[in-house]
Amino acid sequence: MENKEISMLDILIETHIGLERQGPGSAEMTLKALSFIENLDENSRLLDLGCGTGGQTMVLAQHTAGSVIGIDQFSEFITVFNENVKKLNLQNRAKGIVGNIEKLEEIKDSSFSSSSKFDVIWCEGVIDGIGVEKALSHWNGFIKDSGYISLTCPSWLTDNHPDEVEKFWSDAGCRLDTIEYNTSIMQKCGYNLITVFTLPDECWIDNYFIPKTSAEKAVMEKYVGNEIVEEYIKSSKYEVELYSKYKQYYGYVFYIGKKM
């Protein structure tokens, strides 16, 4: 690809496609969230929305007996997802599909039917870009009665909301709300709250920022002097610095609820 053709989206994909996770998280935290979900068996169906290359999805598939479908808008991520499925010999129970998680009814694939419902909808790290209320309202129609929703969402952890943090997330097209607000929205959208817990530092630093920084260094070396690449890297570096400075005020929070 010529330098002049590169876009911010191209860089995002290139710097994230080789990562185990495309956002903060860990296998340990995925399993902790899964431990609150009951009555799953070989007939259970799980749907992972915004699955990326499947870091958390593979964990779900390896620790449940049912089937798992991952959906992501980026075909590049889904290609890697399905390669990971084969590597782990999970072809009979897991599959990645390209699709818009805001319009599940439009997905056309033999493994996914908009009329069928799931025992669990999982979503780590993308709901804030959609809006919690909008997403939870839409996804409710795809969850069985007494089924579960499990998601991570960046949230305020204190009553103090630094302007610098608020501006960064707002400029990124996202919004930070308090845990209390998000749990009230879950209830409004038809879910009984089961539990919430905050992701620890290593989910950000060790599992996301450090590997992402390494990938960004390789991209910088590949596209030397490209202004768009430099701008992207500058913004990414600022995100790391911001978290280091203000991490006591905000973080990713797991929310687990059960459909009423």
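The structure reproduced in this document is the subject of the present report. (Residues numbered from 1 in each chain as written. Predicted model: local features only at pLDDT ≥ 70, side-chain atom pairs only at ≥ 80, totals over all residues. Heavy atoms only, no water.)

Along the polypeptide, Thr30 turns up in helix α2 (residues 27-34). If we skip the residues at most four places from it in the chain, Thr30 touches Arg21, Gln56, Val59, Leu60, Trp122, Glu124 and Phe254. (Helix = DSSP H or I, 4+ residues; strand = E, 2+ residues; numbered from the N terminus. Contact = heavy atoms within 4.5 Å.)

Within the structure shown, the criterion is met by 17 aromatic pairs. Seen from their ring centres, Trp122 and Phe254 are 5.9 Å apart, and the 70° between their planes marks the pair as edge-to-face. With Trp122 in strand β4 (residues 118-124) and Phe254 in strand β8 (residues 250-259), this pair connects stretches of sequence that are 132 residues apart. Residues Trp122 and Phe254 agree in their burial class; the two are buried. Between Phe168 and Tyr238 the ring centres are 5.8 Å apart and the planes differ by 65°, which places this aromatic pair in the edge-to-face class. (Phe/Tyr/Trp six-rings, centres within 6.5 Å; stacked < 30°, edge-to-face > 60°. Buried < 20%, exposed > 50% of the residue type's maximum accessible area, 1.4 Å probe, protein only.)

Attention shifts here to the layout of surface pockets. Taken as a whole, the largest pocket encloses approximately 1300 Å³ of empty space. Every residue lining the largest pocket is counted, 42 residues in all, and those nearest its centre are Leu12, Gln22, Gly125, Cys174 and Tyr208. Elements represented by at least two residues in the lining of the largest pocket include exactly α1 (8-16), α6 (163-171), α8 (201-222) and α9 (227-246). In the lining of the largest pocket, the residues fall into 18 nonpolar, 14 polar and ten charged. By volume, the second largest pocket is sized at about 190 Å³. In terms of lining residues, the second largest pocket is bounded by 15 residues, among which Glu20, Gly54, Gly55, Met58 and Asn84 are the most central. Where the lining of the second largest pocket is concerned, the elements lending two or more residues are α3 (55-62) and α4 (75-87). Per element, the largest residue contribution to the lining of the second largest pocket is four residues, and it comes from α3. Residues that form the lining of the second largest pocket fall into these classes: seven nonpolar, six polar and two charged. (1 Å grid on protein atoms, 1.4 Å probe; cavity = no way out; pocket = protein on both sides within 12 Å on 5 of 7 lines; lining within 4 Å. Points joined across faces, edges and corners; volume = space filled by probe spheres on them. Nonpolar A, V, L, I, M, F, W, Y, C, P; charged D, E, K, R; others polar.)

Glancing now at the environment of Thr15. Following the sequence through the fold, Thr15 ends up in helix α1. Here the alpha-carbon distance between Thr15 and Pro211, two residues 196 residues apart in the chain, equals 9.3 Å. Beyond its immediate chain neighbours, meaning those up to four positions away, Thr15 contacts Ala215, Glu216, Val219 and Tyr232. A polar atom in the side chain of Thr15 sits 2.8 Å from the backbone oxygen of Ile11. There is a polar contact of 3.2 Å between the side chain of Thr15 and the backbone oxygen of Leu12. (Polar contact = N/O pair within 3.5 Å; in protein donor to acceptor, adjacent residues only side chain to side chain.)

Don't take any of this as a statement about function, it's just geometry.
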